[in-house]
There are 2 protein chains.
Amino acid sequence: MKKIYIPILGSLFMVALLWACSPANEGKNEQEGQTTTQQVNMEKPLLRHVVLLKFKDESSAEDIKKVEQAFIALKDEISLIKDFEWGTNNSPEGLNKGLTHCFFVSFETEKDRDDYLPHPAHKAFVEVLMPHLDDVTVVDYWAK
Amino acid sequence: MKKIYIPILGSLFMVALLWACSPANEGKNEQEGQTTTQQVNMEKPLLRHVVLLKFKDESSAEDIKKVEQAFIALKDEISLIKDFEWGTNNSPEGLNKGLTHCFFVSFETEKDRDDYLPHPAHKAFVEVLMPHLDDVTVVDYWAK
């Protein structure tokens, strides 16, 4: 009787390890549709702040890079920002109205967005931006 | 000697179960910053297609709703679309240039975006949109 305990417990040990580490368990919280990646089902609605920029013709690539870096830095300087991405226009449609940059900033609440706008770090960024800004378009929306 | 095997294996079994199920292990693939939710680390870069719309003053709420619904329907009609969200402007900054709607469509490749534009379902949507469209701004970018 005793001789079979050891292999039984050893087998249970292996089965437990394999079960707990299986892909089925890691993937079981996948949610499709609204998301770009596989994820745990913990989505909160987010408020999107879409900022499109057009720079002056006289601003150099170096000037523009400084503005990009200053904007990117905000995601570490302002904890109200829950998500951040950006990029430069590559649309073939020619409907960008000269706007070349899109910064896509996300907040959890309207209050967070409202507090972000006058935040000292954001105001400092605006100081870097303004000398080089030709045009700007801003649209905010609750992502549906 | 034999009497200690059973409790040792039993303990190893419990430890293995607890370790494999611990929050530290479930959370170890979290990736901050670029995403809005907790997720498995399987992000692909996505191409964003940002469409901002301004409707004619004479278009009714009903007309606008039909356009919204036609756009939303595209996510099920066109498999090239990997992600889709939309919303209406609530920015307090007054920099939206009359644009009221933002549709945020994501693709995996530029070819997918290029194939989406002439897609019959997209062309049918544009037919619904055009009578009510006052202005449009489109910017596409690879999300950094």
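Calculation rules
- Residues numbered from 1 in each chain as written.
- Chains lettered and ligands numbered in written order.
- Predicted model: local features only at pLDDT ≥ 70, side-chain atom pairs only at ≥ 80, totals over all residues.
- Heavy atoms only, no water.
- Helix = DSSP H or I, 4+ residues; strand = E, 2+ residues; numbered from the N terminus.
- Buried < 20%, exposed > 50% of the residue type's maximum accessible area, 1.4 Å probe, protein only.
- Pairing = 2+ DSSP bridges.
- Axes fitted to C-alpha atoms, helices over the stretch in contact; angles between N-to-C directions.
- Contact = heavy atoms within 4.5 Å.
- Polar contact = N/O pair within 3.5 Å; in protein donor to acceptor, adjacent residues only side chain to side chain.
- Parallel < 35°, antiparallel > 145°, perpendicular 65-115°, else oblique.
- Nonpolar A, V, L, I, M, F, W, Y, C, P; charged D, E, K, R; others polar.
- Salt bridge = Lys/Arg side-chain N within 4 Å of Asp/Glu carboxyl O.
- Expected span 1.5 Å × (residues − 1).
- Arc of directions from axis to C-beta.
- Phe/Tyr/Trp six-rings, centres within 6.5 Å; stacked < 30°, edge-to-face > 60°.
- Lys NZ or Arg CZ within 6 Å of the ring centre and 35° of its normal.

### Quick look at unusual backbone geometry
The residue Lys97 of chain A is not glycine, and still its phi comes out positive at about 55 degrees. By the secondary structure assignment, Lys97 of chain A is in the loop between β2 (83-88) and β3 (101-107).

### Quick look at the pairing of β2 of chain A
All names here are of chain A. Burial runs high along β2: 5 of the 6 residues are buried. As paired elements, β2 and β3 share 6 bridges and run antiparallel to each other. Residue pairing for β3: Asp83 is matched across the bridge by Ser106.

### Concerning the sheet that holds strand β1 (residues 47-55) of chain B
All names here are of chain B. Spatial ordering of the open sheet is given by β2-β3-β1-β4, a layout of 4 strands whose pairing is antiparallel. Strands at the two margins of the open sheet, each flanked by one partner only, are β2 (83-88) and β4 (133-142). Taking the axes of each pair of neighbouring strands and ignoring which way they run, one obtains an average angle of 15 degrees across the sheet. On top of the sheet, helix α3 (residues 61-77) reaches β1, β2 and β3 (101-107); it is set at about 165 degrees to β2, its chief contact.

### Some points on the side chain of Asp140 of chain A
One can find Asp140 of chain A in strand β4 (residues 133-142). The class for Asp140 of chain A is buried, based on a relative accessible area of 0%. Within the local environment of Asp140 of chain A, its side chain forms a polar contact with the side chain of His49 of chain A, the two groups lying 2.7 Å apart. The residues contacting Asp140 of chain A, other than those within four sequence positions of it, are Arg48, His49, Val50 and Arg113 of chain A together with Thr88, Asn89, Asn90, Ser91 and Pro92 of chain B.

### Things to note about the packing of helix α3 (residues 61-77) of chain A against helix α5 (residues 120-129) of chain A
All names here are of chain A. At their nearest, the axes of α3 and α5 sit 9 Å apart, and the two run at 175 degrees to each other. By the angle between their axes, α3 is roughly antiparallel relative to α5. Judged by residue contacts, Lys66, Val67, Ala70, Phe71, Leu74 and Glu77 of α3 engage Ala121, His122, Phe125, Val128 and Leu129 from α5. Broken down by class, the residue content of the contact of α3 with α5 amounts to 8 nonpolar, 1 polar and 2 charged.

### Thoughts on the pattern of salt bridges
Residues and elements named next belong to chain A. As enumerated under the stated definition, the model contains 16 salt bridges over all chains in all. Among the salt bridges present, the one from Asp115 reaches Lys111, with a minimum N-O distance of 2.6 Å. Linking Asp115 with Lys111, this pair stays in helix α4 (residues 110-116), spanning 4 residues, or about one helical turn. Residue classification places Lys111 among the exposed residues on the basis of a relative accessible area of 56%.

### With respect to α3 of chain A
All names here are of chain A. The end-to-end C-alpha distance of α3 is 24 Å, a good match for the 24 Å that 17 residues give at a rise of 1.5 Å each. For α3, every residue scored as buried is listed here: Ile64, Val67, Glu68, Ala70, Phe71 and Leu74. Taken around the axis of α3, the buried residues stretch over an arc of 160 degrees, which confines them to a single face. Of the exposed residues in α3, the ones pointing more than 90 degrees away from its buried face are Ala61 and Asp76. For α3, the secondary structure elements touched by its buried residues are β1 (47-55), β2, β3, α4 and α5.

### Notes on the packing of aromatic side chains
Tallied over the full model, the rule gives 13 aromatic pairs over all chains. On the numbers, 6.3 Å between centres and 50 degrees between planes, the contact of Phe84 of chain A with Phe103 of chain A is tilted. Residue Phe84 of chain A is located in strand β2, and its partner Phe103 of chain A is located in strand β3; the two are separated by 19 residues in the primary sequence. The buried category is assigned to Phe84 of chain A, whose relative accessible area is 3%. The exposure class of Phe103 of chain A is buried, given its relative accessible area of 0%. Members of the aromatic cluster, joined through ring pairs, are Phe71, Phe84, Trp86, Phe103 and Phe125 of chain A. The ring of Trp86 of chain B carries Lys144 of chain A above its face, with NZ or CZ at 5.1 Å from the centroid.

### Focus: the sheet that holds β2 of chain A
Residue and element names in this part refer to chain A. Read from one edge of the open sheet, 4 strands run β2-β3-β1-β4, paired in antiparallel fashion. Of all strands in the sheet, those bounded by a partner on one side alone are β2 and β4. Each strand of the sheet is rotated relative to its neighbour by a mean of 15 degrees, with strand direction disregarded. Helix-sheet contacts for α3 involve β1, β2 and β3, and the interaxial angle to β2 is about 165 degrees.

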